[in-house]
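Observations on the model geometry
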Amino acid sequence: MTLDRLKWLAVLAPFLVLIGVELVRQTTAPALFTGWTGFLVLATGLLLASLLFAEVIFGGVNRLQASLALRNQELLVLHDASLAIVGEHNLETVLQLVVDRARDLVGARYGALSLVRDEGGIEAFLTAGISADERAMLGDPPEGHGILGVVLQDGATLRLDDLTRDPRAVGFPPHHPPMHSLLAVPVISQGDVLGNLYLTEKLGAGSFDEHDEESLQRFATLAALAIENARLHRQVQALAVTEERERIARELHDSLAQVLGYVNTKAQATEVLIASGQNDKAIVQLTQMADAARAAYADVREGILGLRATPQGQRSFIETLSGYLEQWQGQSGVTVALTTAPANATFRLTPNAEVQLLRIIQEALTNVRKHAGATTAEVRLHVDDGWLEARILD
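Residues numbered from 1 in each chain as written. Predicted model: local features only at pLDDT ≥ 70, side-chain atom pairs only at ≥ 80, totals over all residues. Heavy atoms only, no water.

**Description of the overall build of the protein**
Secondary structure summary: the protein contains 9 helices and 8 strands in total. Looking at the protein as a whole, 32% of its 394 residues are labelled buried. Of the contacts made within the protein by residues no fewer than 6 positions apart, 61% connect residues no fewer than 24 positions apart. (Helix = DSSP H or I, 4+ residues; strand = E, 2+ residues; numbered from the N terminus. Buried < 20%, exposed > 50% of the residue type's maximum accessible area, 1.4 Å probe, protein only. Contact = heavy atoms within 4.5 Å.)

**Let's talk about unusual backbone geometry**
Excluding glycine, most residues fall at negative phi; most peptide bonds, likewise, are trans. Put simply, A341 and P342 share a cis peptide bond, and its omega is -5 degrees. Its location among the elements puts P342 in the loop between β6 (335–341) and α9 (351–372). Notably, E201 is not glycine yet its phi reads approximately 60 degrees, a positive angle. In this model, D385 sits at a positive phi of 50 degrees, which is unusual for a non-glycine residue. Structurally, D385 is set in the loop between β7 (376–384) and β8 (387–393). Residue D385 is classed as exposed on the basis of its relative accessible area of 72%.

**Brief notes about helix α8 (residues 317–332)**
Between the first and last C-alpha of α8 there are 22 Å, a value that for 16 residues agrees with the 22 Å anticipated at 1.5 Å per step. Where α8 ends, the next residue or the one after it, G333, has phi of about 80 degrees, a positive value. (Expected span 1.5 Å × (residues − 1).)

**Notes on α9**
At 3.6 residues per turn, the α-helix brings residues three or four places apart onto the same side. For α9, built from 22 residues, the straight-helix expectation of 32 Å at 1.5 Å per residue is met to within 8% by its first-to-last C-alpha distance of 31 Å. Listing the buried residues of α9 in full gives E354, V355, L357, L358, R359, I361, Q362, L365, T366 and V368.

**A short note on the environment of S316**
Topologically, S316 is positioned in the loop between α7 (279–308) and α8. Note: C-alpha distance between S316 and R348 (32 residues apart in sequence) is 8.7 Å.

**Some thoughts on the pattern of salt bridges**
Think of it this way: side chains of opposite charge can pair up when their charged atoms draw near. Scanning the model with the defined rule gives 5 salt bridges in all. A salt bridge links E213 to R159; its shortest N-O distance comes to 2.7 Å. Highlighted residues: E213 in helix α6 (residues 210–275) and R159 in strand β3 (residues 158–160), separated in sequence by 54 residues. Judged by relative accessible area, which is 33%, R159 ranks as partly exposed. With a shortest N-O distance of 3.1 Å, E378 and R380 are connected by a salt bridge. Assessed through its relative accessible area of 35%, R380 is described here as partly exposed. (Salt bridge = Lys/Arg side-chain N within 4 Å of Asp/Glu carboxyl O.)

**Considerations on the sheet that holds strand β1 (residues 108–116)**
Picture the strands of a sheet paired through backbone hydrogen bonds; they go either parallel or antiparallel. The strand order across the open sheet formed by 5 strands is β2-β1-β5-β4-β3, and the pairing between neighbours is antiparallel. Each having just a single partner strand, β2 (122–128) and β3 make up the two edges of the open sheet. Geometrically, the sheet is characterised by an average inter-axis angle of 15 degrees between neighbouring strands, direction not taken into account. The strands touched by helix α3 (residues 91–106) within the sheet are β1, β2, β4 (182–189) and β5 (192–202), with β1 carrying the most contacts at an inclination of about 145 degrees. (Pairing = 2+ DSSP bridges. Axes fitted to C-alpha atoms, helices over the stretch in contact; angles between N-to-C directions.)

**Regarding the nonpolar core**
Grouped together as the largest cluster of nonpolar side chains are 28 residues, with contacts concentrated most on V187, L197, L216 and I227. Within the residue set of this core, elements represented by two or more residues are α3, β1, β2, β4, β5 and α6. Ranked by size, the runner-up nonpolar core spans 16 residues in total, among them L321, Y324, V336 and A377. (Core = buried A, V, L, I, M, F, W, Y, C linked by side-chain atoms within 4.5 Å.)

**Structural notes on the sheet that holds β8**
Pairing is mixed across the open sheet formed by 3 strands, whose spatial order is β6-β7-β8. Each edge of the open sheet carries a strand with a single partner, namely β6 and β8. For this sheet the average axis-to-axis angle between neighbouring strands, irrespective of direction, equals 10 degrees. Where β7 and β8 come together, 7 bridges link them in antiparallel fashion. Across the sheet, residue R380 finds its bridge partner in β8, namely R391.

**A closer look at the packing of α8 against α9**
Each pair of packed helices gets described by two things: the angle between the helix axes and the distance between those axes. Running from N to C, α8 and α9 cross one another at 20 degrees; their axes reach a closest spacing of 12 Å. In terms of orientation, α8 and α9 fall into the roughly parallel class. Considering only the axes of α8 and α9, their crossing is right-handed. Here F317, T320, L321, Y324, L325, W328 and S332 of α8 come into contact with α9, specifically with E354, L357, L358, I361, Q362, L365 and R369. Here the contact of α8 with α9 is composed, by residue class, of 9 nonpolar, 3 polar and 2 charged. (Parallel < 35°, antiparallel > 145°, perpendicular 65-115°, else oblique. Left-handed = near helix turned anticlockwise from the far one by under 90°. Nonpolar A, V, L, I, M, F, W, Y, C, P; charged D, E, K, R; others polar.)

Bear in mind that shape data such as this cannot, by itself, settle questions of function.
Written out as structure tokens, the structure reads:
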């Protein structure tokens, strides 16, 4: 019963009672309420009607309050679940969180989540409510036949009081735990079915109801966002790895490969000079080869140091940069200082921006070491109104 219905009931009920009493009096005994006895009977009838009316009104209010409390609890659980899964970037962790939180949300003994491939079939199958040993006894992940295939192929919600009575419930492996009530909903994003959520064995009830179905459908929307977010994060990471590999390949080509080509040329010239007895000139060539080898060695050490200095974990960008500068100073022999303005400036960059800025500073310092002939250098970071400026001076 809604609040609007209760409002109209509270307004109309007294009039309806009075009209009903008056109709009864006029049709049965017009002189019934002329004396004290009649008025006593009337008062008793009105009192009973008032008690009945109050019971109906407050019963409806209590039911509304219980429904609101249940909805509020569901929203709290949905909120907590969304914070847990949307804030996670690892796809495998997200999938396990989704099936765990779905089982807690609806109150089911068992839960499962199937993640489908773009080309069809099941890519991953996560479970909740059974131990690792029990899961191992079930064997390979399902292929999407039977009841699982109904939701997988049709992308429709399925709610059964007893799945064992459904003719489609086939293909269960040995050691499969007994299951009866079933609630399954697709996880859909932009019209595409990403996977399916399966919950079985409703706790405290014989079967799942419409409220459970609505709750799980709302949660599936959050799950789709979390899965898409985790997949996007994985793609970004893969792209970052590819870009880093391409950068390393370019640096190897521009530095080490050229130096090795130079050394090879010098080695051939030295061989010719030694064969013709021009030892003095051969020594000059060998000296130049040694200088090139030392330069290449410095480049390689600096490149390895740069690759190891990557913002990660709980370290801030300033901490990562400070550690790199300390090691770079020891390797290059160039004194380097780091200053920030304001002195205790704090800022947040995206992980990709941190990596790019660190690589830019590293490349600038490499140029200082190789080309400037400087003995000191300074890295200045200036933070102002949402902007971060980096300067490298020698």
